[in-house]
Structures are given as C-alpha cells and as structure tokens.
Amino acid sequence: MIIDSHIHIGPSVSLGIDVKVEEVVDELERNGIDLALVMSFPSYAEYDEKVANEMVLKACEENENLFPIYCIGKPFPEEIPEEFVALKWHWVGGVADLKSNYETLKREDLEDFVERVSKPIFFEEEFTFTKIFLERFDVKVVIPHLGLLGGNPADFLREFAENENVYFDTSLASPSQIKEFYETVPDRLIFGSDKPFGSIHHELKKVAEICDDRVLWKNAKRLFKL
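Residues numbered from 1 in each chain as written. Predicted model: local features only at pLDDT ≥ 70, side-chain atom pairs only at ≥ 80, totals over all residues. Heavy atoms only, no water.

Novice: Please set out the nonpolar core residue by residue, giving values where relevant.
Specialist: Core analysis: the largest hydrophobic core is formed by 73 residues, its most contacted members being Trp 89, Phe 133, Val 139, Phe 168 and Phe 224. Not counting residues within four places of it along the chain, the set of residues in contact with Phe 224 comprises Ser 5, Leu 37, Val 85, Ala 86, Pro 120, Phe 122, Val 142 and Ile 190. (Core = buried A, V, L, I, M, F, W, Y, C linked by side-chain atoms within 4.5 Å. Buried < 20%, exposed > 50% of the residue type's maximum accessible area, 1.4 Å probe, protein only. Contact = heavy atoms within 4.5 Å.)

Novice: Break down the sheet that holds strand β9 (residues 166-169) for me, citing the residues and quoting the values.
Specialist: Taken in spatial order, the eight strands make up an open sheet running β1-β4-β5-β6-β7-β8-β9-β10, and their pairing is parallel. The open sheet has two edge strands, β1 (3-8) and β10 (189-190), and neither has a second partner. Relative to β10, β9 runs parallel, the two sharing two bridges. Bridge pairing in β10 links Asp 169 to Ile 190. (Pairing = 2+ DSSP bridges. Helix = DSSP H or I, 4+ residues; strand = E, 2+ residues; numbered from the N terminus.)

Novice: Let's hear about the side chain of Ser 12: which residues, and what values?
Specialist: Structurally, Ser 12 is set in strand β2 (residues 10-12). In this structure, Ser 12 is in contact with Ile 17, Phe 41 and Ser 43, ignoring residues within four places of it in sequence.

Novice: Account for the environment of Ile 132, with residues named and values stated.
Specialist: Mapping Ile 132 onto the fold places it in helix α5 (residues 127-136). Sequence-wise, Ile 132 and Val 166 are 34 residues apart; in three dimensions their C-alpha atoms are separated by 13 Å. Those residues in contact with Ile 132 that lie beyond four places of it in its chain are Tyr 102 and Leu 105.

Novice: Give a detailed account of the packing of aromatic side chains, specifying residues and quantitative values.
Specialist: Two aromatic rings, taken as a pair, are described by how far apart their centres are and by the angle between their planes. Throughout the structure, instances matching the rule amount to 16 aromatic pairs. Considering the side-chain rings of Tyr 70 and Phe 84, the 5.1 Å spacing of their centres and the 80 degrees angle between planes classify their relative orientation as edge-to-face. Remark: Phe 84 occurs in the loop between β5 (66-71) and β6 (86-90) and Tyr 70 occurs in strand β5; sequence separation between them is 14 residues. Residue Phe 84 is classed as buried on the basis of its relative accessible area of 2%. Ring pairing ties together the aromatic residues Phe 76, Trp 89, Tyr 102, Phe 113, Phe 123, Phe 129, Phe 133 and Phe 137, which thus form one cluster. (Phe/Tyr/Trp six-rings, centres within 6.5 Å; stacked < 30°, edge-to-face > 60°.)

Novice: How would you explain the pairing of β9 if you had to name every residue and give the values?
Specialist: The alternating pattern of β9 places Val 166 and Phe 168 on one face and Tyr 167 and Asp 169 on the opposite face, and all of these are buried. Both strand β8 (residues 141-143) and β9 contribute to a ladder of three bridges, which runs parallel. Note that in β9 the partner of Ile 143 across the bridge is Phe 168. This β-α-β element, β9 to helix α7 (residues 175-184) to β10, shows right-handed connectivity. (Right-handed = clockwise from strand over helix to strand, strands pointing away.)

Novice: So what about the environment of Cys 60? Which residues, and what values?
Specialist: With respect to the helices and strands, the residue Cys 60 is situated in helix α3 (residues 49-62). Along the chain, Cys 60 and Val 21 lie 39 residues apart, while their C-alpha atoms are 9.3 Å from each other. Contacts of Cys 60, omitting those with residues within four sequence positions, involve Val 38, Leu 66, Phe 67 and Pro 68.

Novice: Let's hear about a nonpolar patch on the surface: which residues, and what values?
Specialist: Residues Leu 15, Ile 17, Leu 172 and Phe 197 make up a contiguous nonpolar surface patch of about 330 Å² in total accessible area. As for its placement among the helices and strands, Leu 15 is situated in the loop between β2 and β3 (17-19). Among the residues examined, Leu 15 registers a relative accessible area of 43% and is labelled partly exposed. (Patch = residues over 30% accessible without salt bridge, like charges linked within 9 Å, V, L, I, M, F, W, Y side chains within 5 Å. Areas by Shrake-Rupley, 256 points an atom, 1.4 Å probe, with all protein chains shown as cover. Salt bridge = Lys/Arg side-chain N within 4 Å of Asp/Glu carboxyl O.)

Novice: So what's going on with the pattern of salt bridges? Residues and values would help.
Specialist: This structure, assessed with the given rule, holds 19 salt bridges. Between Lys 50 and Glu 54 there is a salt bridge; the shortest N-O distance is 2.6 Å. Of the two residues, Lys 50 and Glu 54 both sit in helix α3, four residues apart, roughly one turn of that helix. Residue Lys 50 is classed as exposed on the basis of its relative accessible area, which comes to 58%. For Lys 88, the salt bridge is made with Glu 124, and the minimal N-O distance between the two is 3.4 Å. Placement of Lys 88 in strand β6 and of Glu 124 in strand β7 (residues 121-124) is noted, with a sequence separation of 36 residues between them. When its relative accessible area of 1% is taken as the criterion, Lys 88 is described as buried. One salt-bridge network, held together by shared partners, links Glu 23, Glu 27 and Lys 195.

In short, the description is geometric, and any link to function would need to be established separately.
Below is the structure:
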C-alpha cells in the first residue's frame, strides 16, 4: 500500500489554476498509490472557507480512495464535520510561506479552538511560532516539507525529535533531508507529494528509494485512523 498524505485540489485564488479531481485520481492510479489525503488551496479557503471545504468533502464522497483535510480560513471554524481526517493550518493571519503573525497566538478564541480539535493538524508556520504553539498546546501536528517553508529543517528535527505529537511530511524535501529524518524519526515521517507543487511520480520515487513501508503508508494509516 501507498498513501499520499498531501494533495491540493480545486481552484487556487493566488495561482489562478484549478486542479481537477479526475486529474488527481488518474495520477494516483498511474503511480500505484492506493489512498490520498486532499485539501483545498489555502487561498481558496481564505476566500470562501465553507465552499472550499464542501468541495473537498464532495470529492471524497465520490472517490472512496480520497480522504478530506479541512483547510482553516480566516476565522477559526466553530464546527468541523466528522468526515474530515485532519486539518490544515496555513500561516493563519500571516503572509503565506513568508512570515508568521504572532498576534494570532494572542487571539481569545485560539485556546477554545485547539481544545475542540481532535484530529491531527498540518501545521505550517515559522519555526519559532511552531515552537511556541507546541509548548502551549498538546495536539498532534504534521509539519509539511520537513519544515522547509518555516525555516531550517534541521532546527525542526532537533527541536521536535523527542516530541511524539510531531510528525513530518516529506513533500518537496531533498533526498538527504528525507534520509536524515528517516534515520531519526522513522515512525513519525509520512509520504506526501504536495501536488501540484510537487510531482507525485517524482516525490514518490524519491521517498521509495530511501524509506520503508512505515513512511509510505503505515504511519499515515495509524495517524489519520484510515
């Protein structure tokens, strides 16, 4: 079995593209991938959170090998449908891929929101923001790209190697970085392609040459209770 834990579908407001579900399903089949976790583009969720997540849920209802990730928009959602297996937190209140907004950590509704979360969170912020968040909250997170967009992956690995709540996905990372994480936290590393930013074929080939079944599917199956 192979599980791809990081795929975007639907329109991107910022990129002006639209990733069709049929395209994703076809590419998964061509590459021998059995299951995948899919989410909207964060820019679409910020534009219309309700529509973006309903689109993802519908796609998963129509394709039994797809599982939905709830993408958080500007406000914290009051309720997350049980069908979603995880959440995506993407530079909430900050500048995507560039700068965290530390005022987010002072929001009055933050603690209430995190206390209501029972699913893993794909958590993308700067290293320092992530460190503060995880010192404050006892919640399972997946750090995309081994932390590449939030700083130096080596800092993330050093800081969170002993934290059983912290997982990492392999998308867009170099083979040498993947190897280092695999040798250190093999039970908390999961395969992800980050399509369309990464090629499913290329990302899978890279991971399959380095890692075993734990990374290819076992860790994800356990973490997301698939």
